[in-house]
Amino acid sequence: MPSYANELMLQELVHVLKSRSYIFFARYQGLPAADFVELRRRLERVAERTIVVKNSITRLAFKQIGIQEVNGLIKGSILLTLAGKDPHLVSKVLVEFAKGRERFELDGAYLEGHLVPLDYVKALAELPSREVLIASVVRGLNAPVSGFVRGLGQLVGSLAVCLDQIQKSKAK
């Protein structure tokens, strides 16, 4: 019979997992405590929650919300990072943190109803930020308008030069 504490953890985890669109899986077996604290500090800026739970409770929680595909990712000491928006920021922090650390492995993610492999998470981390993407779209939309305005400016300038030449020729 499960303990009351485990039942409470399961209920809380189910509640949290239901309300998140982005779930990242990482293993941290043997990661020094100082590194773990550093990771949590980095993640608190971009992720909604970072959770360490027993694997059996994690499997049960995913089973209760109807997600069976993640069982392959739940092995060893697992860290769940949950986000409601901007998954590229979370993936960027996790991928950057994993560089040079053998005891921290990013395994994959569950993004908007789909299990994605590590390569996808790494590609997501390389994307520019939302603001940069919006700026490039606006710049692309603005380019034709800017060219049109410059063309009109040149026509007006040419007209002014022509009128000036006509006025000088009539003055002679």
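Look up: the structure comes first, before these words.
Residues numbered from 1 in each chain as written. Predicted model: local features only at pLDDT ≥ 70, side-chain atom pairs only at ≥ 80, totals over all residues. Heavy atoms only, no water.

A. Structural detail: the environment of leucine 141. The topology assignment puts leucine 141 in helix H6 (residues 130-171). C-alpha separation for the pair leucine 141 and glutamate 105, spaced 36 residues apart in sequence, amounts to 41 Å. (Helix = DSSP H or I, 4+ residues; strand = E, 2+ residues; numbered from the N terminus.)

B. Region of interest: the pattern of salt bridges. Across all of its chains, the model carries seven salt bridges by this definition. With a shortest N-O distance of 3.0 Å, glutamate 12 and arginine 49 are connected by a salt bridge. Highlighted residues: glutamate 12 in helix H1 (residues 4-18) and arginine 49 in strand S2 (residues 49-51), separated in sequence by 37 residues. A residue is classified by how much of its surface remains accessible, and glutamate 12, at 38% relative accessible area, is partly exposed. By relative accessible area, arginine 49 is classed as partly exposed at 32%. A salt bridge links aspartate 35 to arginine 101, with the shortest nitrogen-to-oxygen separation between them at 3.5 Å. In this pair, aspartate 35 is assigned in helix H2 (residues 33-44) and arginine 101 in the loop between helix H4 (87-98) and strand S4 (105-111), connecting sequence segments 66 residues apart. Among the ionic contacts, a cluster of salt bridges with common partners joins Asp35, Glu38, Arg42 and Arg101. (Salt bridge = Lys/Arg side-chain N within 4 Å of Asp/Glu carboxyl O. Buried < 20%, exposed > 50% of the residue type's maximum accessible area, 1.4 Å probe, protein only.)

C. Quick look at the side chain of threonine 58. Relative to the helices and strands, threonine 58 is located in helix H3 (residues 55-64). On the basis of relative accessibility, which here comes to 0%, the residue threonine 58 falls in the buried class. Within the local environment of threonine 58, its side chain forms a polar contact with the backbone oxygen of lysine 54, the two atoms lying 2.9 Å apart. (Polar contact = N/O pair within 3.5 Å; in protein donor to acceptor, adjacent residues only side chain to side chain.)

D. Layout of the packing of aromatic side chains. Applying the stated criterion across every chain, the model contains three aromatic pairs. Taking 5.7 Å as the distance between ring centres and 40 degrees as the angle between the ring planes, the aromatic pair formed by phenylalanine 25 and phenylalanine 62 counts as tilted. Here phenylalanine 25, found in strand S1 (residues 22-27), pairs with phenylalanine 62, found in helix H3; they are 37 residues apart in sequence, far enough to count as distant. Per residue, the accessibility class of phenylalanine 25 equals that of phenylalanine 62, and both read buried. Over the ring of phenylalanine 97 we find arginine 101; its NZ or CZ atom is 3.9 Å from the centre of that ring. (Phe/Tyr/Trp six-rings, centres within 6.5 Å; stacked < 30°, edge-to-face > 60°. Lys NZ or Arg CZ within 6 Å of the ring centre and 35° of its normal.)

E. Seen up close, the side chain of threonine 50. Among the secondary structure elements, threonine 50 is positioned in strand S2. Ignoring anything within four residues of it in the chain, the contact list for threonine 50 reads Arg40, Leu43, Leu79, Leu80 and Thr81. (Contact = heavy atoms within 4.5 Å.)

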